Amino acid sequence: MKRPWIHNAKTDGWFILSPPFLILLIIFLFQKQIQGLENHYSFYTWLFLIVFVDVAHLYSTLFKTYFVKEEIRKRKLLYYGIPVLGWILGLILYQFGSLTFWSVLALIAVFHFIRQQYGFMRIYARFEPNNWRKRIDAIAVYSATIFPMLYWFKTPRAFTWFIENEFNWLQNLPDYTHAITILYFVILIIWLIKTAFEIFKTQQFNFPKIALIIGTYLSWYFGIVYFNNDLVFTFLNVISHGIPYVALIYIREIRQKDPQKLNGFSIFKSTFGIFLFIIVILVFAFFEEFLWEILVWNEHFSLNLNISLNWFQFLIPLLVVPQLTHYLLDGFIWRKPKKDD
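Residues numbered from 1 in each chain as written. Predicted model: local features only at pLDDT ≥ 70, side-chain atom pairs only at ≥ 80, totals over all residues. Heavy atoms only, no water.

1. Structural notes on the nonpolar core
Core analysis: the largest hydrophobic core is formed by 64 residues, its most contacted members being M149, W161 and F167. Considering each element in turn, this core owes the most residues, 13 residues, to helix 7 (residues 98-124). (Core = buried A, V, L, I, M, F, W, Y, C linked by side-chain atoms within 4.5 Å. Buried < 20%, exposed > 50% of the residue type's maximum accessible area, 1.4 Å probe, protein only. Helix = DSSP H or I, 4+ residues; strand = E, 2+ residues; numbered from the N terminus.)

Take a look at the structure:
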């Protein structure tokens, strides 16, 4: 089997595979200190985790989409239509109330997070045959991510995806937690047995794929089910999702691209370019969050603009366009022909 690394073992290991393991280790070693961070340094945790990782990662997509002239030329309808569709969708949803708006957006975000883990699994399994073993890997990834969310829907948590009570309407469903817990561990055991059998039979060890699936199990289970802590959830959720995505964009769209196809991005290939790449996405992220703060939230920055709540039905759907565009475009920009899968 060919080496399945996206770039190489060192880069993939540090930036794509290790985040859930490292963050979980830090959480277990420094639980008291993490609680202190949450209580006394909430601004800095918000700035680093939400702005500089979570929001920044969605702007890294620009280097695969809107910053690439050839991409825009080939798929104008997609790249111009998705933001417009996102705003219209937001306007419609907000007419049903802010809670409905944020609940639907949260479900779209959850789907996006789940699909990213599945996508990484498929990348690391791309040289393996499409057979029952690969299907078990896919089922394992979906189980590792969907079970914690179903558990969250029925069990009140001390954290939110976007706003309070966003999933409360799902608590009226019959209690299914016992059944899905059994199913969850059955799937996990089947995957472990399958993986052991695969290694024994083929004498090959697809380390990145296995590490990716185990990391997914750990980050989602401990972040949502085991711990019931806002900062712990944010640490595991944001770092495990955002850092690998930024790394994938940089590797695929800059590092591995032919210089003639970089569309003016050659400057980003150097060591200095890596920092410039990061600075660009951080600036975009900070500017967006600054707008959210002064126009809507007023939690960390406030200019006392006193915007009427009546304007929120237009303003909030507009501000959420970059985020929703990222979620929707991700369903298109990573698709490959089956022969390349």
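2. Here we look at the side chain of T61
Along the polypeptide, T61 turns up in the loop between helix 4 (42-59) and helix 5 (69-74). Overall, T61 belongs to the buried group, its relative accessible area being 4%. Of note is the side chain of T61, whose polar atom sits 2.9 Å from the backbone oxygen of L58. Once residues within four sequence positions are removed from consideration, T61 is found in contact with Y245, I249, H326 and I333. (Polar contact = N/O pair within 3.5 Å; in protein donor to acceptor, adjacent residues only side chain to side chain. Contact = heavy atoms within 4.5 Å.)

3. Some details on the side chain of H57
Positionally, H57 belongs in helix 4. Engagement of the side chain of H57 in a polar contact is seen with the side chain of H326, the distance being 3.2 Å. When residues no more than four places from it in sequence are discounted, the contact partners of H57 are H112, H241, G242, Y245, V246 and H326.

4. Thoughts on a nonpolar patch on the surface
Taken together, the side chains of I274, F275, I278, I279 and V283 define a hydrophobic patch exposed on the protein surface, amounting to about 440 Å² of accessible area. For I278, a relative accessible area of 35% translates into the label partly exposed. (Patch = residues over 30% accessible without salt bridge, like charges linked within 9 Å, V, L, I, M, F, W, Y side chains within 5 Å. Areas by Shrake-Rupley, 256 points an atom, 1.4 Å probe, with all protein chains shown as cover. Salt bridge = Lys/Arg side-chain N within 4 Å of Asp/Glu carboxyl O.)

5. Describing the packing of aromatic side chains
All told, the structure shown has 48 aromatic pairs when counted by the stated rule. Ring plane angle 65 degrees and centroid distance 5.9 Å describe the contact between W161 and F233, whose orientation is recorded as edge-to-face. Of this pair, W161 sits in the loop between helix 8 (132-154) and helix 9 (177-202) while F233 sits in helix 11 (residues 230-255); the two residues are 72 residues apart in sequence, bridging distant segments of the chain. Ring geometry for Y184 and Y221: centres 6.1 Å apart, planes at 15 degrees, overall stacked. Taken together, the residues Y184 in helix 9 and Y221 in helix 10 (residues 207-226) connect sequence positions 37 residues apart. Owing to a relative accessible area of 21%, Y221 belongs among the partly exposed residues under this scheme. A network of ring pairs unites the aromatic residues F28, F147, Y151, Y184, F185, W191, Y217, Y221, F222, Y226 and F227 as a single cluster. Over the face of the ring belonging to W334 we find K64, whose NZ or CZ atom lies 4.5 Å from the ring centre. (Phe/Tyr/Trp six-rings, centres within 6.5 Å; stacked < 30°, edge-to-face > 60°. Lys NZ or Arg CZ within 6 Å of the ring centre and 35° of its normal.)

6. Let's talk about the pattern of salt bridges
When their charged atoms lie close together, side chains carrying opposite charge are able to pair. If you walk through the whole model with that rule in mind, you get ten salt bridges. The partner of D137 in a salt bridge is K194, and the shortest N-O contact between them spans 2.7 Å. Here the residue D137 occupies a position in helix 8, and K194 occupies one in helix 9, the gap between them amounting to 57 residues. Using a relative accessible area of 0% as the deciding quantity, one classes D137 as buried. E198 is paired through a salt bridge with K209; the nearest N and O atoms lie 3.5 Å apart.

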